[in-house]
Amino acid sequence: MKRYGILNNITSPADLKGLSYDTLGVLCAALREFIVDSVSQTGGHLASNLGIVELAVALEREFDSSRDRIIYDVGHQCYVHKILTGRRDRFSTLRQYGGLSGFMKPEESITDPCITGHASDSVSVALGMAHARTLRNQKYHVVAVIGDGALTGGMAYEALSNAGTSGEPLLVVLNDNNMSIAKNVGGLSRHLSRLRVSPRYLGAKVRIKEKLARIPGGRALTQSISRTKARIKGFLLPTSLFEQMGFTYLGPVDGHDLKSVCELLAQAKKMKKPVLLHVMTQKGRGYAPSENNPEKYHGVSQFDRVTGEFLAKKKEDFSARFGAELCGLADKDARICAITAAMPSGTGLTRFSTLHRDRFFDVGIAEEHAVAMAAGMAAQGLVPVVALYSTFLQRAYDQVVHDVAIEGLHVVFCIDRAGIVGADGATHNGVLDIAFLRSIPGVTILCPSSFAELRSMMTRAVYHENGPVAIRYPRGGEGAWRGDTSSQPLACVRQTAGHEVTLVTHGIMINETLAAAEKLESRGVRTQVCKVNELSPALEQALAAQEDALSGLCVVVEDTVDNGGVGEWLASHRSGRTLCISTGNRFLPHGSVNDLYRHCGLDADGIAEFVMEHRKETGLG
Ligand SMILES: Cc1ncc(C[n+]2csc(CCOP(=O)(O)OP(=O)(O)O)c2C)c(N)n1
Ligand SMILES: CC(=O)[C@@H](O)[C@H](O)COP(=O)(O)O
Ligand SMILES: [Mg+2]
């Protein structure tokens, strides 16, 4: 406690109001200490939180987050906000089961106006709140805090274009650190770079205007100066995109200069129109390892705060294997291209990006565009491989349907983080992809359980499919089961003569399922285990051919929702009793993957207990 000094005296944002800028500077240093200490022990998002410290303090000081609506886009940078709004003592539980969420959560605090997790939606949600304020005749400020990375997402432009002409008082704070998770990309990023070096607006003009307004005839003078300036400026300098969209643009301002940021926020607050404040910050600021490598310290596991070394050695995971296999395929086939939506390292494409620079496309946080662009490539004879996290593919459902599937184009979707991802929670779990992809005619879904199967399925997806094909694999590495049964749509991986129960599963769940089968055997229940390797017409044929082998009670074990899952499919395709253990039709809390398996009854013990219970109902137990 002692080492955080002044931070110990801050129990709510109200405590910030009377502090001098010097004292606030000391507070910012203490906040950085606390964040590094805390995140080094729990893991979490580090670099973005270190970069936003002064801006977040200034926002809590100038606004009232219990009344005003401050929305942090993505929300991975909301730790200072959480610390200052009464949640500091829960930071040792960050992202753990039953603990503090790593994102905004209204159920945690009234100062979190909405949930967050996916990028680029903050301006839309803020505008909605501003409209509600107007229509309900209420009084509060609405602020969207959006990063330069999140600003590469199409939704952000849709919202800016609408908000700028809405007439609603609304503040968009652009936290520009020139970084997404990796280096930011695209034309907007270039536009921001140009604005960054232009000292023309700063906010000084706002202060001058205020002073002029106080002298007799000053207002008329200001208006005339503004008109003349606007003409000259428009002639000599390119105006910002934001001004063209109807925003008043303030900045760029040094986001670590608390005084300037506070003053500009105070000015913006008084302006009764859409305002965009451009704040420049340094991602990872105040901790040398993250300053030097903000990408590596964007999202971290536990680390030694003195050396910056991660405590756990990174084991080879499905993403890395995917990246390596794709490099191998692309070495021999110039048609293969890789597309990522701002997740080059997360999806395992870093090596591809250097080996095959001309065939690597980081499109920014633009999943819809990534998929439609892949459609264009496929239509012209390339083999695009789109690597997206399952949860972010949700953004591009329409493009999968409209641009890819209707024409039956050969686009390979490599769907990372499929299933339960854990600590990031409900916004990031990949539990819907089977359901939504199954609903699209002509999409084949492949579900590898091991690296060997990933490899075979990638070759199949590239060379033996000619329509849309998706390969879904989890966050992390393979488990104890390392076979390759990928040539069979439905493979029996634990055969038991005279079985009483068949457990049917897919993907990484094979490991908990096989462990459950062992437990059931030791309790006298003859159990066989089958694995669904693909969802395609071939699976229906395989099931018809193997129906006898699947006699008796079938329990489907899957780390996805019930509706539209494999369990639902199997129940409708066989006559015997079929039950399902899944993530349910609900959203899960955050926690470790193992905690969540237990939460859902998807761990080996939970599966075995479920079978024992339902065996009785079937009259077997
Ligand atoms: C739709 C969507 N795609 C991808 C992501 C993954 N993601 C989380 S943060 C981030 C980078 C955000 O960059 P920026 O907004 O500039 O924030 P910074 O981390 O630089 O503060 C990305 C790509 C996401 N959360 N949502
Ligand atoms: C905030 C966000 O969306 C990403 O930073 C995400 O947390 C990354 O997840 P992984 O750690 O699984 O790459
Ligand atoms: Mg950024």
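Residues numbered from 1 in each chain as written. Chains lettered and ligands numbered in written order. Predicted model: local features only at pLDDT ≥ 70, side-chain atom pairs only at ≥ 80, totals over all residues. Heavy atoms only, no water.

Caption draft 1: The arrangement of the overall build of the chain in detail. For the chain, the count of helices and strands is 24 helices and 19 strands. Compactness check: the chain gives a C-alpha radius of gyration of 27 Å against a globular reference of 25 Å for 621 residues, within 12% of the reference. By principal-axis analysis of the C-alpha atoms, the chain measures approximately 95 × 60 × 50 Å. Relative to its full complement of 621 residues, the chain shows a buried share of 58%. Of the roughly 25,000 Å² that the chain leaves accessible, carbon and sulfur atoms contribute 53%. Here the chain contributes 68 positive and 65 negative side-chain charges, whose respective centroids are spaced 9 Å apart. (Helix = DSSP H or I, 4+ residues; strand = E, 2+ residues; numbered from the N terminus. Rg over C-alpha atoms; globule rule 2.2 N^0.38 Å. Buried < 20%, exposed > 50% of the residue type's maximum accessible area, 1.4 Å probe, protein only. Areas by Shrake-Rupley, 256 points an atom, 1.4 Å probe, with all protein chains shown as cover. Lys, Arg positive; Asp, Glu negative; His and termini not counted. Charge placed at Lys NZ, Arg CZ, Asp CG, Glu CD.)

Caption draft 2: Geometry of the site of ligand 1. Near ligand 1 you find 22 residues, and of these S48, H76, G149, K283 and E367 are the closest. Contact between ligand 1 and S48: an oxygen atom at 2.8 Å from a side-chain N or O atom of the residue. Taking 580 Å² as the accessible area of ligand 1 by itself, protein coverage stands at 97%. Along the lines of polarity and charge, the residues of the shell around ligand 1 split into nine nonpolar, nine polar and four charged. Residues lining the shell around ligand 1 come from more than one domain, with at least three contributed by each of domain 1 (5-198 + 241-300) and domain 3 (318-472). (Near = heavy atom within 4 Å. Polar contact = N/O pair within 3.5 Å; in protein donor to acceptor, adjacent residues only side chain to side chain. Nonpolar A, V, L, I, M, F, W, Y, C, P; charged D, E, K, R; others polar. Domains from an automatic or database assignment.)

Caption draft 3: Geometry of unusual backbone geometry. The peptide bond linking G251 to P252 adopts the cis configuration, its omega dihedral lying at 0 degrees. Along the chain, P252 falls in strand β5 (residues 248-254). Unlike most non-glycine residues, A342 shows phi in positive territory, near 70 degrees. Positive phi outside glycine occurs at R417, with the angle close to 55 degrees. Residue position: R417 is located in the loop between β11 (412-416) and α18 (433-438).

Caption draft 4: Focus on the sheet that holds strand β15 (residues 501-505). Here we have five strands laid out as an open sheet, ordered β14-β16-β15-β18-β19, and mixed in their pairing. Taken across any chain shown, the strands that pair with only one partner, and hence form the sheet edges, are β14 (490-494) and β19 (578-581). Averaged over all pairs of adjacent strands, the angle between their axes in this sheet comes to 25 degrees, without regard to strand direction. Across the sheet, helix α20 (residues 510-522) is in contact with β14, β15, β16 (527-532) and β18 (553-557); its angle to β16 comes to roughly 170 degrees. (Pairing = 2+ DSSP bridges. Axes fitted to C-alpha atoms, helices over the stretch in contact; angles between N-to-C directions. Contact = heavy atoms within 4.5 Å.)

Caption draft 5: Helix α13 (residues 318-332), seen in detail. Here α13 contains 15 residues, and its C-alpha end-to-end distance of 22 Å stays within 8% of the 21 Å for a straight helix at 1.5 Å per residue. Taken together, the buried positions of α13 are occupied by F318, S319, F322, G323, E325, L326, C327, L329 and A330. Along its buried surface, α13 packs onto β8 (336-340), α14 (350-355), β10 (383-389), β11 and α19 (451-463). (Expected span 1.5 Å × (residues − 1).)

Caption draft 6: Representation of helix α7 (residues 187-196) within the structure. Where α7 is concerned, the buried positions are L188, S189, H191, L192, L195 and R196. Axial view of α7: buried residues confined to an arc of 155 degrees, hence all on one face. Turned more than 90 degrees off the buried face of α7, the exposed positions are G187, R190 and R194. (Arc of directions from axis to C-beta.)

Caption draft 7: How the structure looks around the packing of aromatic side chains. Applying the stated rule across the entire model yields 14 aromatic pairs. Centre to centre, the rings of Y397 and F436 are 5.7 Å apart; their planes meet at 90 degrees, and the pair counts as edge-to-face. Highlighted residues: Y397 in helix α17 (residues 397-405) and F436 in helix α18, separated in sequence by 39 residues. By the ring-pair criterion, three or more aromatic residues cluster together here, those being Y4, F34, Y79 and F91. One Lys or Arg, R133, reaches over the ring of Y140 and ends 5.9 Å from the middle of that ring. (Phe/Tyr/Trp six-rings, centres within 6.5 Å; stacked < 30°, edge-to-face > 60°. Lys NZ or Arg CZ within 6 Å of the ring centre and 35° of its normal.)

Caption draft 8: Quick look at the sheet that holds strand β6 (residues 274-280). If you walk across this open sheet you meet the five strands as β2-β3-β4-β6-β5, and the pairing is parallel. Bordering the open sheet on either side are β2 (69-72) and β5, each of which pairs with just one other strand. Going from strand to strand, the sheet's axes swing by 15 degrees on average, the running direction of each strand aside. The pairing of β5 with β6 spans five bridges and is parallel. Its bridge partner being in β6, V253 is matched across the sheet by V279. Packing against the sheet, helix α3 (residues 53-62) makes contact with β2, β3 (142-147), β4 (170-176) and β6, and its axis sits at approximately 165 degrees to β2.

Caption draft 9: Just the pairing of β3, in detail. The buried count for β3 comes to six of six residues, which makes it a mostly enclosed element. Side chains V142, A144 and I146 of β3 all project onto a buried face; the interleaved residues V143, V145 and G147 project onto the opposite face, where all are buried too. Taken together, the four bridges between β2 and β3 define a ladder with parallel strand orientation. The partner of Y72 across the bridge, within β3, is V145. Bridge count between β3 and β4: five bridges; the pairing is parallel. Note on β4: the bridge partner recorded for A144 is V172. Once you follow β3 into helix α6 (residues 154-164) and on to β4, the crossover reads as right-handed. (Right-handed = clockwise from strand over helix to strand, strands pointing away.)

Such coordinate-based values are descriptive only and should not be taken to indicate function.
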